[in-house]
Amino acid sequence: MTPPPARPPVPPRRRALTDLRAKSLPREDPERLTTHLRTVHDTVAQLEARIGAAGIIATEPLFWSLVRAAALLHDAGKIAEPFQRQLEPGGKRWGERHEVLSLAYVDLLAPAAGWSGEERLLIATLVAGHHRPLHSASSLGGGKPALSRLYNERTRWDEAFGHVHGADGRRPQVPRGLHQELLAWLAGFLGAEPAPPGPDDPVLAERARLLLRDVLTAWTLPVKAHRGLLAVLAQGALTLADHAGSAHVDLQTHLPLPTDYLARLRYTPHRHQVEAGATVGHLVLVAPTGSGKTEAGLAWAARQSATMSGLPRVVWTLPYRASLNATRSRFQDDLHPAAGESRPDIGLLHGALARTLLAEALEDDCCGPTKADARKARARANAMRLFAQRLRVATPHQLLAAAIAGPTHSSVLLEQANSLFVLDELHAYDPEIFGRLCAAMRLWEQLGSRIAVLSATLAPPLLAIVDESLHQPVTCHRAAPGTAPVRHRLVVDELPLTDAESVARLEGWLDEGHSVLVVVNTVATAQELFTALARQSDPDDPDAALLLHSRFKNKDRDGIERRLLKRHPERRPDEAPRRGGLVVATQAVEVSLQLDFDRGAVENAPIEAVAQRAGRVNRRGRHPDGAVEFRVHRTDGHRPYDPGAVDAAWSALTTPAAEGATGLSEDDIDRLLALAYDTDWGREWAGRARRARDGFTAEFLTFTDPFHDRTEHARNLGERFDTVEVLLRDDAEEYRKIAVGEAADPLLAAGLLIPLRYGQLKTYNATFDRSLGVHLIDGRYDDDPVLGLRPPIERETIL
């Protein structure tokens with residue numbers, strides 16, 4: 001029997017312009033390419049409204065129009081038939097970069113749009129570099145392969161972008177009719193009229209090849225720093241617009257901080273608050289704990305927002321996670337929501353989670369539908385919401401990550417333009433981080449931003465380094481003498497806090513009904529002291545004894561902070577003299593937690609830390625007994641501090657004690673600071689800070705190779721902060737379900753992470769799990785997390 005003749009292959013259905021897709025999501029109706037291009041183009045306008053011609057951007061009048069043009073063209077290469085097929089369920093991966101083919105449309109439209117050669121080159125650079133670096137930093141590369149390694153003299157351009165082979169033969173990747181539709185649509189958006197095609201015109205693949213060659217050549221060698229920084233900012237504008245548009249997140253226009261903030265205070269402002277609120281430009285404010293320093297910083301920011309163009313955002317930075325959470329809650333309670341909201345939308349993100357969310361949000365999403373798509377979409381929405389908010393509370397680590405630049409972090413750098421940075425408790429950093437922050441301040445100023453430094457304890461050398469790091473004038477205000485009453489009777493104790501006599505004194509205070517704060521320098525000491533003292537606490541009061549340090553799971557620590565603030569709030573004027581309760585803590589309790597205790601005993605530490613610890617005892621001087629006892633105990637070790645800082649503090653503390661001074665006024669603190677820093681250690685501290693500032697500027701903040709792979713920069717930056725978030729092995733499966741499952745929630749998963757120093761990884765037998773992107777550790781952690789993380793091997797106790 002003769003078989004029936006084979007049916008001829010069915011030619012694929014011709015796509016129309018409205019059939020072209022930019023994404024594989026939403027699955028029921030993936031986003032159209034023209035819709036995406038229009039959305040990203042319009043989002044650039046939102047960025048321009050927020051940032052305007054701030055700082056260095058003002059030197060390039062066409063900055064925003066060039067970014068808009070790049071936004072319109074950045075994904076034009078997705079017209080290719082192999083790309084469209086890979087978006088379909090089960091679609092085969094194309095294997096080429098759509099942004100390279102997009103360059104052909106830049107080249108086609110440049111003459112009609114009237115772009116000069118330099119303008120055409122910048123638009124092409126932004127289009128080519130919005131997902132990958134153009135060049136590798138070294139022969140080994142770093143992260144994803146750079147475009148120069150993917151496309152070079154070995155590339156077969158016709159195979160890459162010219163034709164596709166199928167059952168029906170060899171066909172163009174971009175059908176002529178579809179190409180003409182898209183070209184006309186793009187030209188109409190630009191208000192241009194493209195020249196009619198000629199018989200000798202290059203094909204799309206050749207146009208892409210020639211323009212990519214020009215782009216790669218232009219950025220092969222270092223360029224002037226001014227040009228490089230402008231290019232990185234433009235790259236940041238395009239990537240931020242691209243991913244905010246993809247997440248369908250609009251930039252907020254409402255600032256929760258009203259311009260008349262100071263007039264709305266429920267009390268008569270202090271002089272230093274009025275002065276801060278009247279200052280225009282950079283500010284340094286030195287005011288004692290409990291004197292309204294935060295309100296002064298908000299008053300300054302409100303004043304700046306009324307005198308700056310665009311829609312400046314406010315970024316409030318603090319050194320510790322505990323203070324971040326408390327400050328955000330405080331702002332949510334005190335500031336003003338947008339219409340239709342019950343609470344103001346205040347951004348908060350810190351730690352390794354920020355880098356993870358950002359990296360996932362800005363990940364190239366040009367593949368077909370996968371199980372990871374929903375997770376990427378949620379990560380993008382979470383991260384872009386942070387960019388959208390106009391008031392954020394953050395650690396400096398996230399701000400300094402902008403130095404990595406590249407397709408992932410250039411958007412972080414851009415959002416630092418036309419902003420207001422409030423650096424609260426700047427004294428709390430070691431000289432290297434302090435120096436890097438001063439380098440960042442210099443860059444922020446170049447981006448048209450303004451800086452305020454707030455501190456209760458800012459030594460003269462620190463003030464000098466801040467002032468010399470900025471080109472514009474820095475106004476310094478100090479709280480008037482007597483703003484805060486004398487709140488403490490200082491006792492300098494030669495015995496360690498862990499000595500039996502010292503412990504017995506603490507037990508006596510607790511027996512008398514006092515609320516007692518004990519602050520020590522290491523987690524191990526805190527755990528052991530707490531174990532010894534908590535035995536006598538009221539068993540019916542779950543918050544009678546609380547322990548706070550850095551080595552809790554994030555979710556547990558957040559809960560402890562809430563309990564702590566509720567149990568030991570600021571004293572009311574008519575409150576009974578004895579409140580009861582014990583808190584043992586490390587330096588995590590020092591900054592921006594509005595706590596109040598009847599008595600305090602602390603280990604000796606750098607003088608700023610001692611002063612901050614004192615600020616949590618009789619915080620506003622409202623204790624009925626007047627000045628209350630505050631003891632500083634000598635410590636045998638120095639960890640985690642510089643030994644010179646600890647020795648200088650002890651030397652300063654014992655000098656007035658030897659002279660019979662027992663009070664601890666704000667004048668006393670200023671004198672102690674001056675004594676501590678007028679030492680060999682103090683002079684070396686200042687030298688280290690200046691070297692760190694200048695070195696960080698030279699290595700990270702000079703963008704002379706703006707489009708080279710900077711993965712190594714990211715690695716170096718992370719190690720210099722000496723912090724890493726880890727996961728207990730027992731929590732790995734739960735973390736996997738939350739962080740990378742189909743219902744992934746990275747913010748929720750971060751609650752299982754525990755901060756450690758890099759140097760502590762070995763103690764906890766850490767191994768890196770590549771599938772989770774986190775270090776797994778061994779350790780003891782009770783279901784009822786009273787003590788927090790302890791090493792896997794039982795250690796000998798000190799008590």
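Basis of the calculations
- Residues numbered from 1 in each chain as written.
- Predicted model: local features only at pLDDT ≥ 70, side-chain atom pairs only at ≥ 80, totals over all residues.
- Heavy atoms only, no water.
- Helix = DSSP H or I, 4+ residues; strand = E, 2+ residues; numbered from the N terminus.
- Buried < 20%, exposed > 50% of the residue type's maximum accessible area, 1.4 Å probe, protein only.
- Contact = heavy atoms within 4.5 Å.
- Areas by Shrake-Rupley, 256 points an atom, 1.4 Å probe, with all protein chains shown as cover.
- Core = buried A, V, L, I, M, F, W, Y, C linked by side-chain atoms within 4.5 Å.
- Expected span 1.5 Å × (residues − 1).
- Pairing = 2+ DSSP bridges.
- Axes fitted to C-alpha atoms, helices over the stretch in contact; angles between N-to-C directions.
- pLDDT = per-residue confidence, 0-100.
- Phe/Tyr/Trp six-rings, centres within 6.5 Å; stacked < 30°, edge-to-face > 60°.
- Lys NZ or Arg CZ within 6 Å of the ring centre and 35° of its normal.
- Salt bridge = Lys/Arg side-chain N within 4 Å of Asp/Glu carboxyl O.
- Parallel < 35°, antiparallel > 145°, perpendicular 65-115°, else oblique.
- Left-handed = near helix turned anticlockwise from the far one by under 90°.
- Nonpolar A, V, L, I, M, F, W, Y, C, P; charged D, E, K, R; others polar.

J.: Any chance you could explain the overall build of the chain here in plain terms?
T.: Along its length, the chain carries 29 helices and 19 strands. Taken across its 799 residues, the chain has 58% of its residues classed as buried. Partitioning the intrachain contacts of the chain with sequence separation of at least 6 by distance along the chain shows that 77% fall at a separation of at least 24. When the accessible surface of the chain is split by element, carbon and sulfur atoms take 51% of a total near 32400 Å².

J.: For this particular structure, what's the right way to read the nonpolar core?
T.: Ranked by size, the top nonpolar core spans 195 residues in total, and within it Tyr 105, Leu 186, Phe 434, Met 441 and Val 518 carry the most contacts. Here the element with the most residues in this core is helix H10 (residues 225-247); it accounts for 11 residues. Ignoring sequence-local partners within four residues, the contact set of Leu 186 consists of Leu 37, Leu 72, Leu 73, Ala 76, Tyr 105 and Leu 109. Counting 31 residues, the second largest nonpolar core, distinct from the first, contains Ala 296, Leu 298, Ala 302 and Met 308.

J.: Quick question: what am I supposed to make of helix H1 (residues 33-51) here?
T.: Residue pairs spaced three or four apart in an α-helix point in one direction, given the helix's 3.6 residues per turn. Spanning 19 residues, H1 covers 27 Å between terminal C-alpha atoms, matching the ideal 27 Å at 1.5 Å per step. Of the positions making up H1, those classed as buried are Leu 33, Thr 34, His 36, Leu 37, Val 40, His 41, Thr 43, Val 44, Leu 47, Arg 50 and Ile 51. Where H1 terminates, the next one or two residues include Gly 52, which has phi positive at roughly 60 degrees.

J.: Mind showing me how you'd approach the sheet that holds strand E15 (residues 628-633) here?
T.: One key point about sheets: their strands pair by backbone hydrogen bonds, in either a parallel or an antiparallel sense. Taken in spatial order, the 6 strands of this open sheet run E10-E15-E14-E11-E13-E12, and their pairing is parallel. The sheet is open, and its two borders are formed by strand E10 (488-493) and strand E12 (545-548), each paired with just one other strand. For this sheet, the mean angle separating the axes of adjacent strands, direction not counted, is 15 degrees. One ladder, built from 4 bridges, connects strand E11 (residues 516-519) with strand E13 (residues 582-585); its direction is parallel. From the neighbouring strand, Leu 517 faces E13, where its bridge partner is Val 583. Its contacts with the sheet put helix H22 (residues 554-567) on E12 and E13, and the angle it makes with E12 is roughly 135 degrees.

J.: Mind showing me how you'd approach the confidence of the model for the chain here?
T.: Regions with low pLDDT carry predicted coordinates that are not meant to be interpreted in detail. Residue-level pLDDT values for the chain average 87, and 87% of them are 70 or greater. Within the model, the stretch residues 355-362 combines pLDDT values under 50 with 25 contacts to residues more than four positions away or in other chains.

J.: Explain the packing of aromatic side chains to me, please; I cannot follow it from the model alone.
T.: A complete count under the given rule lists 14 aromatic pairs for this structure. Relative to Trp 94, the ring of Phe 83 lies with its centre 6.5 Å away and its plane at 75 degrees, an arrangement referred to as edge-to-face. Here Trp 94 lies in the loop between helix H3 (81-86) and helix H4 (98-113) and Phe 83 lies in helix H3, a separation of 11 residues in the sequence. Here Phe 83 and Trp 94 have matching classes, each one buried. Ring centres 5.0 Å apart and planes at 50 degrees place the aromatic pair Tyr 677 and Trp 681 in the tilted group. Accessibility assignment for this pair places Tyr 677 and Trp 681 in one class, buried. Taken together, Phe 83, Trp 94, Tyr 151, Trp 157 and Phe 161 form an aromatic cluster joined through their ring pairs. If you follow Arg 227 out to its NZ or CZ, it ends over the ring of Trp 219, 4.4 Å from the centre.

J.: Would you mind going over the environment of Val 617 with me for this structure?
T.: Considering the arrangement of structural elements, one finds Val 617 in the loop between helix H23 (607-614) and E15. In this structure Val 617 comes out as buried when scored by relative accessible area, which is 0%. For Val 617 and Ala 601, which are 16 residues apart along the polypeptide, the C-alpha to C-alpha distance reads 9.5 Å. Residues contacting Val 617, with those up to four places away along its chain left out, are His 488, Leu 517, Asp 596, Phe 597, Asp 598, Arg 599, Gly 600, Val 628 and Phe 630.

J.: Would you take a moment to explain unusual backbone geometry for this structure?
T.: Among all residues except glycine, the phi angle is most often negative; among peptide bonds, the trans geometry is most common. A cis geometry characterises the amide bond from Arg 639 onward to Pro 640, with omega recorded as 5 degrees. Structurally, Pro 640 can be placed in the loop between E15 and helix H24 (643-658). Here the phi dihedral of His 248 falls at roughly 55 degrees; this positive angle occurs in a residue that is not glycine. Turning to its location among the elements, His 248 is positioned in the loop between H10 and helix H11 (271-278). Judged by its relative accessible area of 55%, His 248 falls in the exposed class. Despite not being glycine, Glu 425 has its phi angle at roughly 55 degrees, a positive value. Examined against the element boundaries, Glu 425 turns out to sit in the loop between strand E7 (419-424) and helix H18 (431-446). Using a relative accessible area of 2% as the deciding quantity, one classes Glu 425 as buried.

J.: Teacher, can you tell me more about the pattern of salt bridges here?
T.: Opposite charge on two side chains allows them to pair when their charged atoms are near. Within the structure shown, the criterion is met by 50 salt bridges. Between Asp 214 and Arg 213 there is a salt bridge whose closest N-O contact spans 3.6 Å. On the basis of relative accessibility, which here comes to 29%, the residue Asp 214 falls in the partly exposed class. With a shortest N-O distance of 3.9 Å, Arg 736 and Asp 769 are connected by a salt bridge.

J.: Sorry, what's going on with the sheet that holds strand E19 (residues 774-777) here?
T.: Strand order in the open sheet made by the 4 strands is E17-E16-E19-E18, with mixed pairing throughout. For this open sheet the edge positions go to strand E17 (754-756) and strand E18 (767-769), each flanked by a neighbour on one side alone. Averaged over all neighbouring strand pairs, the angle between strand axes comes to 50 degrees, with direction disregarded. As defined by bridge partners, strand E16 (residues 724-728) adjoins E17 across 3 bridges and the pair is classed as antiparallel. Paired with Val 724 across the strands is Leu 756, a residue of E17.

J.: Would you explain the packing of H18 against helix H26 (residues 680-700) in this entry?
T.: Contact pair H18 / H26: the axes reach a minimum separation of 7 Å and the direction vectors enclose 45 degrees. Classed by the angle they form, the pair H18 and H26 counts as oblique. As for how H18 packs across H26, the hand of that crossing is right-handed. For the pair formed by H18 and H26, the contact residues are Pro 431, Glu 432, Phe 434, Gly 435, Arg 436, Cys 438, Ala 439 and Arg 442 on the first element and Trp 685, Arg 688, Ala 689, Ala 692, Arg 693, Asp 694, Phe 696 and Thr 697 on the second. The residue makeup of the contact of H18 with H26, split by class, is 8 nonpolar, 2 polar and 6 charged.

J.: Is there a simple way to think about the pairing of E12 in this case?
T.: The side chains of a regular strand alternate between the sheet's two faces. Neither face of E12 is exposed, since Ala 545 and Leu 547 on one face and Leu 546 and Leu 548 on the opposite face are all buried. Judged from the 4 bridges that link them, E12 and E13 form a sheet pairing that is parallel. Its bridge partner lying in E13, Leu 546 is registered against Val 583.

J.: In this structure, what is going on with the environment of Leu 73? I would like to understand it.
T.: By the element assignment, Leu 73 lies in helix H2 (residues 63-73). For the pair formed by Leu 73 and Tyr 105, sequence separation is 32 residues and the distance between their alpha carbons is 7.0 Å. Setting aside chain neighbours within four positions, we find Leu 73 in contact with Ser 102, Tyr 105, Val 106, Leu 109, Trp 115, Val 127 and Leu 186.

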